[in-house]
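# Topology and contacts: notes
Below, each chain spelled out in residue letters.
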Amino acid sequence: MREIVLDTETTGLDPLRGDRLVEIGCVEMFNRMPTGQTFHVYINPERDMPAEAFAVHGLSAEFLSTKPLFHEVVDEFLEFIGDSPLVIHNASFDISFINAELDRIKRVTVPRERLVDTLLLARRKHPGVSNRLDDLCSRYAIDNSRRTKHGALLDAELLAEVYVDLVGARQSQLLLASEAEDIRVNAAGDAPRRQRQVPLAPRISDAEREAHRAFIATLGDKAIWSEFLPAPAAVNPAG
């Protein structure tokens, strides 16, 4: 199953009051494992950057003024997310900004049925405690030392790791890795060898077997090879 972990940065808290999207970061996951495919873009909000928002993500109006407008990147963004579920922390916030931008250029908005809100998942699993992204990283021993400021792609990457733990997929991944290790023939990771349904017939003649037995006899009674000799065939007295 393909899922997209998504995060955004904005100029403020309310798109209905003129706040705009300034950054989108996405991480592709398949069967709850990151594939390495990402989408990341900065967006010119065509407005100033409030000091409060700048303190959160460090993106200045001057820096963003040279970046593309939303309508210039929307096709690439929509192509990347496709129709996959969107995994978002506090999904109602991010999707309200994305849908406001889509609505502004008369494009179809993202339905809420596609959203997987990790904040709600965290509150159900860890009730009564703080479930911010930093808290969850600490709880699941995920290194977030690079997160000195908020960044959409970095936060999406961290959230992808958190999500795996939230839904209990980490144990499944370890189990699959263990099973894969068990079937390896050696440390190089060779593919397991197929077994024949019918074993091949022996290619050693009786004469060769007797010659080998005679040679082992010359090595003395304590030769270790004696332990591997097959028992001699029984002689039929009536024969």
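A brief look at the structure comes next. (Residues numbered from 1 in each chain as written. Predicted model: local features only at pLDDT ≥ 70, side-chain atom pairs only at ≥ 80, totals over all residues. Heavy atoms only, no water.)

Moving on, we get to the overall build of the chain. In terms of helices and strands, the chain carries 9 helices and 5 strands. Counting from the amino terminus, helix and strand elements in the chain follow one another as β-β-β-α-α-α-β-α-β-α-α-α-α-α. In the chain, which comprises 239 residues, the proportion classed as buried is 36%. For the chain, the exposed area adds up to about 15,300 Å²; of that, 54% sits on carbon and sulfur atoms. (Helix = DSSP H or I, 4+ residues; strand = E, 2+ residues; numbered from the N terminus. Buried < 20%, exposed > 50% of the residue type's maximum accessible area, 1.4 Å probe, protein only. Areas by Shrake-Rupley, 256 points an atom, 1.4 Å probe, with all protein chains shown as cover.)

With that settled, consider the packing of aromatic side chains. The description of an aromatic ring pair uses the distance of the two centres, along with the angle that the planes make with each other. The final tally for this structure, using the stated rule, is 4 aromatic pairs. Taken together, a centroid distance of 5.8 Å and an interplanar angle of 45° make the contact between F39 and F77 tilted. Of this pair, F39 sits in strand 3 (residues 33-42) while F77 is found in helix 3 (residues 70-81), placing the two residues 38 residues apart along the sequence. Here a set of aromatic residues connected by ring pairs shows up, and it is made of F39, F77 and F80. Over the face of the ring belonging to F80 we find R2, whose NZ or CZ atom lies 5.6 Å from the ring centre. (Phe/Tyr/Trp six-rings, centres within 6.5 Å; stacked < 30°, edge-to-face > 60°. Lys NZ or Arg CZ within 6 Å of the ring centre and 35° of its normal.)

So, on to the pattern of salt bridges. Per the counting criterion, the structure on display carries 12 salt bridges. Its salt-bridge partner being D19, residue R47 comes within 3.3 Å of it at the nearest N-O pair. Of this pair, R47 sits in the loop between strand 3 and helix 1 (51-57) while D19 sits in the loop between strand 1 (2-10) and strand 2 (21-30); the two residues are 28 residues apart in sequence, bridging distant segments of the chain. Residue R47 is classed as partly exposed on the basis of its relative accessible area, which comes to 27%. Here D48 ties to R47 by a salt bridge, and the two come within 3.1 Å at their closest N and O atoms. When salt bridges that share partners are traced, they join R20, E46, E101 and R104 into one network. (Salt bridge = Lys/Arg side-chain N within 4 Å of Asp/Glu carboxyl O.)

Quick look at helix 7 (residues 152-166) now. In an α-helix, one turn spans 3.6 residues; hence positions three or four apart end up facing the same way. Between its terminal C-alpha atoms helix 7 stretches 20 Å, which fits the 21 Å expected from 15 residues at 1.5 Å a residue. With respect to burial, helix 7 is a largely interior element, 13 of its 15 residues being buried. Just downstream of helix 7, G168 is the residue with a positive phi angle, here 75°. (Expected span 1.5 Å × (residues − 1).)

This next bit is on the sheet that holds strand 2. Sheets are built from strands that pair by backbone hydrogen bonding, the pairs being arranged parallel or antiparallel. Strand order in the open sheet formed by 5 strands is 3-2-1-4-5, and the pairing between neighbours is mixed. Since the sheet does not close on itself, it has two edges, and those belong to strand 3 and strand 5 (115-117), each with one partner. In this sheet, adjacent strand axes meet at a mean angle of 25° when their direction is disregarded. The pairing of strand 1 with strand 2 spans 9 bridges and is classified as antiparallel. Considered in strand 2, the bridge of V5 is made with V27. Across the sheet, helix 4 (residues 91-104) is in contact with strand 1, strand 2, strand 4 (86-88) and strand 5; its angle to strand 1 comes to roughly 80°. Helix 5 (residues 118-125) contacts strand 4 and strand 5 of the sheet and is inclined by roughly 40° relative to strand 5. (Pairing = 2+ DSSP bridges. Axes fitted to C-alpha atoms, helices over the stretch in contact; angles between N-to-C directions. Contact = heavy atoms within 4.5 Å.)

By size, the foremost hydrophobic cluster in this structure holds 23 residues, and its most contacted members are I24, C26, F77, L86 and I98. Contributing elements (two or more residues each) for this core: strand 1, strand 2, strand 3, helix 3, strand 4 and helix 4. The biggest single contributor to this core is helix 3, with 6 residues. With residues up to four places along the chain from it excluded, the contact list for I24 reads D7, T8, F39, H40, V41, I43, F70, F77 and A152. In terms of nonpolar packing, the next biggest core, distinct from the first, is built from 21 residues, C137, Y140, I142 and L166 among them. (Core = buried A, V, L, I, M, F, W, Y, C linked by side-chain atoms within 4.5 Å.)

Our next topic: the side chain of N131. By the secondary structure assignment, N131 is in the loop between helix 5 and helix 6 (133-139). Within the local environment of N131, its side chain forms a polar contact with the backbone oxygen of V129, the two atoms lying 3.1 Å apart. (Polar contact = N/O pair within 3.5 Å; in protein donor to acceptor, adjacent residues only side chain to side chain.)

This paragraph deals with the side chain of D117. By the secondary structure assignment, D117 is in strand 5. No salt bridge is formed by the buried D117, whose closest oppositely charged neighbour, R123, lies at an N-O distance of 6.9 Å. Looking at D117, its side chain comes within polar contact range of the main-chain nitrogen of A91, at 3.2 Å. Once residues lying within four places of it in the same chain are set aside, the contact partners of D117 are I88, H89, N90, A91 and S92. (Lys, Arg positive; Asp, Glu negative; His and termini not counted.)

No statement about biological role is implied by the geometric values presented.
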